[in-house]
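If you want the building blocks of each chain, they are given just below.
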Amino acid sequence: MTYLELIKTLKSISLSQPNVHSFVRQFDDLNREDTVYSAIILQDQQHIQAGDFINYSFYIGYTDRLTEDNSNEDSIVS
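Computed from a prediction, not measured in an experiment: that's the story for all the values here.

Participant: Let's hear about the sheet that holds strand 1 (residues 22–24): which residues, and what values?
Facilitator: If you walk across this open sheet you meet the 3 strands as 1-2-3, and the pairing is mixed. Of all the strands in the sheet, just strand 1 and strand 3 (53–63) have a single pairing partner and so form its edges. Adjacent strand axes in the sheet meet at a mean angle of 20° when their direction is disregarded. Examined bridge by bridge, strand 1 and strand 2 (residues 39–50) share 3 bridges and lie parallel to one another. Within strand 2, the position partnered with S22 by the bridge is A39. Sitting on the sheet, helix 1 (residues 3–15) is in contact with strand 1, strand 2 and strand 3, with an inclination near 155° to strand 1.

Below, the structure is given as structure tokens:
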């Protein structure tokens, strides 16, 4: 599987989930006007080439913006 195929697969799976509304490639893209929360973030990191192989590193994140009235906050007690 190529890196581009991996990105397309992750995007397809992410957007098929009922609570995910956006898929962005950088954390900075969360500030775009067309980003709808909640979102999956796939941020590229260092790429290393070793012979015939390229190793890709990336962060996968999830974010959901809280509302002003805190209606979607949960209290977690451990």
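Participant: Account for the side chain of S22, with residues named and values stated.
Facilitator: Mapped onto the elements, S22 comes out in strand 1. For S22, a relative accessible area of 7% translates into the label buried. At a separation of 2.7 Å, a polar atom in the side chain of S22 contacts the main-chain carbonyl oxygen of V36. When near neighbours in sequence (up to four residues on either side) are disregarded, S22 contacts L15, T35, V36, S38, A39 and I40.

Participant: Describe helix 1, naming the residues involved and giving the relevant values.
Facilitator: If you check helix 1, its first and last C-alpha atoms are 18 Å apart, about what 13 residues at 1.5 Å a residue would give, namely 18 Å. Turning to helix 1, its buried residues are Y3, I7 and S14. One side of helix 1 carries all its buried residues, which in axial view fall inside an arc of 45°. The secondary structure elements touched by the buried residues of helix 1 are strand 1, strand 2 and strand 3.

What counts and what doesn't
Residues numbered from 1 in each chain as written. Predicted model: local features only at pLDDT ≥ 70, side-chain atom pairs only at ≥ 80, totals over all residues. Heavy atoms only, no water. Pairing = 2+ DSSP bridges. Helix = DSSP H or I, 4+ residues; strand = E, 2+ residues; numbered from the N terminus. Axes fitted to C-alpha atoms, helices over the stretch in contact; angles between N-to-C directions. Contact = heavy atoms within 4.5 Å. Buried < 20%, exposed > 50% of the residue type's maximum accessible area, 1.4 Å probe, protein only. Polar contact = N/O pair within 3.5 Å; in protein donor to acceptor, adjacent residues only side chain to side chain. Expected span 1.5 Å × (residues − 1). Arc of directions from axis to C-beta.

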